[in-house]
Amino acid sequence: MWRKHRPVLLAALFTVLLLLLWQYALAPAFKAIPSPTEIADVLREDWDSLWADTRATAEVALLGLLVGSGIAIGLALVALAARSLESAILRLGLALYSVPIIVVAPLLVLWLGQGQKPRVAISALAVFFIVLVNTIRGFRSTTRESHELMYVLSASRLGVLRYLRAPSALPYLMSALKVAVPASVFGAVIGEWIGANKGLGVVMFFSLYQFEVPKLWAAMVLTTAIALAGYALVALAERLVMPWHESVQTSRLETA
Amino acid sequence: MSSPDPSAIEVSGVSKTFELPGGPLEALAQVSFSVEPDEFVTIIGPSGCGKSTLLRILADIYKPTSGEVTIGGQSPREARRRRELGVVFQDPTLFPWRDVLGNVLLPLKLAGRLNSDTRSEARALLELVGLSGFEKARPNQLSGGMKQRVAIARSLVLGPTLLLLDEPFGALDEITRQRMNLELLRIWSETGTTAVLITHSLQEAVFLSDRILVMSARPGRIVEEITVDLPRPRTPEMMREQRFYDTLTAVGKVLFDSVEAATLATAEL
């Protein structure tokens, strides 16, 4: 029992210790740090409105993740089809990614209006390059012999993509998505700071200016929860779509 | 003119030079030989003698710089396009995301020939290579020998007339290798294809082949052709016969003489 569940039990024990420390040592000492019970009170009292905000942020993040990854995968396919375009695409991606999001965000609001669109665009921007780099690398992670095999089998370019390159890229894509999920939530929150009427970013913004510190922390907890839930979903999807991969198999061994 | 048998190979005056950043590398120089239908021919030589290059020319992966190759009267390209070539590489090159049967079915899928008949043929092939019951296994659950059996089944699934084997058992231990050689002979005799094997193992060459082509290194050329005078079917007991040793010695002598000559030639430079 102890051996089997040791990692989980240790993590739980550590969390409880941390919460106790926070509640009885940290929170009383610093004014800007509310205690866990205060945060829990806010979560309980304002649950209906906070839940609506959480859903709004999660929706923007999800759409941003889908749009950003979709464009990235599309461009990776273009780079694969026309190798000469690869470095141009990567440079463009890097240039876009290097512009601080906080600078682009107001521009996007100017261009795309006040609705959900600019927020989705900001979230997509935060995700796009991570997925682009890894997908391109994944497409290229094939061995010479496997290409020789496909050549001897007279596979078409589409056949090579479908049966060799795409499955080879899958582990890279899944790793990228694990990093991209928190990035998409970050992008969504930044977007909501710039201008929105709903969402955890809005909650943070207003509670900061009205000095409702426990509410600010509640929004932080919920933001983190969205990112963690997204990460868990990607990890689950990873197990479903690539049960053959070593990373999945070793993690199975570890939990067995 | 009668049409030539589709499995006969004719190689005449084939040279191959690679343009490398450090200058041209002459891998093959004026290689000529022929392979009869249903014959088992082994090409043996020291490492770096261009034997894998030669096999890749037969498989249409490389084009010769000069010279001509025909397989059953057609170019390697036509033979490949007609899916008459089965190739086994030193690395099994199985796709880890497909199970064993899925890997064997891949050539059928790519050729648009996957149906219930060919599917059961693929299962029969897995049985032929001794892997029935492993259809659903993942490649990374298999041993090296088993992986190479899957690769052999995959190379046979389109019913090729020519089987090209590039040191298929080079990475296996000696015991597994011996067993795989016996299996290969059994499979080859049951499928009736022409086979060209690349190896650097003398024993393997003598035990498997009708004829052995010995290559020398840099540039690769064929220095000797030795016919193996052992009856078929071959049995492990034959490996203890005098005839086996005599052939082994003959091949070894040519091989090591050529290596020595090459070493001397290099030393003189």
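Along each chain, residues carry numbers from 1 onward, in the same order as the chain's sequence is written. All chains are assigned letters beginning with A, and all ligands numbers beginning with 1, in the order in which they are written. Residues qualify for local features only when their pLDDT is at least 70, as the model is predicted, and side-chain atom pairs are given and counted only at 80 or more; totals for whole chains, interfaces and linings, by contrast, use all residues.

1. A look at the overall build of chain B
Threshold: Each helix is a run of H or I in the DSSP string that is no shorter than four residues. Each strand is a run of E no shorter than two, and both are numbered from the N terminus. Only C-alpha atoms enter the radius of gyration, while the globule expectation follows 2.2 Å times N to the 0.38, with N the number of residues. The exposure scheme places C-beta atoms from the backbone and then counts, for each residue, the other C-beta atoms within 10 Å of its own, assigning buried at 20 or more, exposed at 12 or fewer, and partly exposed in between. Here, residue contact means that the backbone-derived C-beta atoms of the two residues sit within 7 Å.
Across its full length, chain B carries 8 helices and 9 strands. Over its C-alpha atoms chain B spans a radius of gyration of 19 Å, differing by no more than 12% from the 18 Å that the globule rule assigns to 269 residues. For chain B, the residues scored as buried account for 43% of the 269 residues in total. Relative to all contacts within chain B whose residues are 6 or more apart in sequence, the contacts with residues 24 or more apart total 72%.

2. Describing the pairing of strand 3 (residues 40-44) of chain B
Residue and element names in this part refer to chain B. Going by this rule: The rule for pairing is simple: two strands pair if DSSP sees at least two bridges between them.
Most of strand 3 sits inside the fold, with 5 of its 5 residues counted as buried. Here strand 3 shows two buried faces, one formed by Phe-40, Thr-42 and Ile-44 and the other by Val-41 and Ile-43. Pairing of strand 3 with strand 8 (residues 211-216) involves 4 bridges; the strand directions are parallel. For Ile-43, the partnering residue across the bridge sits in strand 8 and is Leu-213.

3. Points about the environment of Ala-76 of chain A
All names here are of chain A. Tracing the sequence through the fold places Ala-76 in helix 3 (residues 47-81). Of the residues examined, Ala-76 has 28 C-beta atoms within 10 Å and is grouped as buried. Sequence separation between Ala-76 and Val-120 is 44 residues, and the spatial gap between their C-alpha atoms is 21 Å. Ignoring sequence-local partners within four residues, the contact set of Ala-76 consists of Leu-132, Thr-135, Ile-136 and Phe-139.

4. Regarding the sheet that holds strand 6 (residues 162-166) of chain B
Residues and elements named next belong to chain B. Just so we agree on the cut-off: Only the stretch in contact is used when fitting a helix axis, every axis being a line fitted to C-alpha atoms; angles between N-to-C directions are given from 0 to 180 degrees.
Taking strand neighbours across the sheet as the criterion, the 6 strands line up as 5-6-7-3-8-9 in an open arrangement whose pairing is mixed. The two strands at the open ends of the sheet, each matched to only one other strand, are strand 5 (85-88) and strand 9 (221-227). Sheet twist, expressed as the average angle between the axes of neighbouring strands with direction ignored, equals 15°. Sheet contacts for helix 1 (residues 51-58): strand 3, strand 6, strand 7 (194-199) and strand 8; angle to strand 7, the most-contacted strand, approximately 155°. Contacting strand 5 and strand 6, helix 5 (residues 144-156) crosses the sheet at an angle of about 170° to strand 5.

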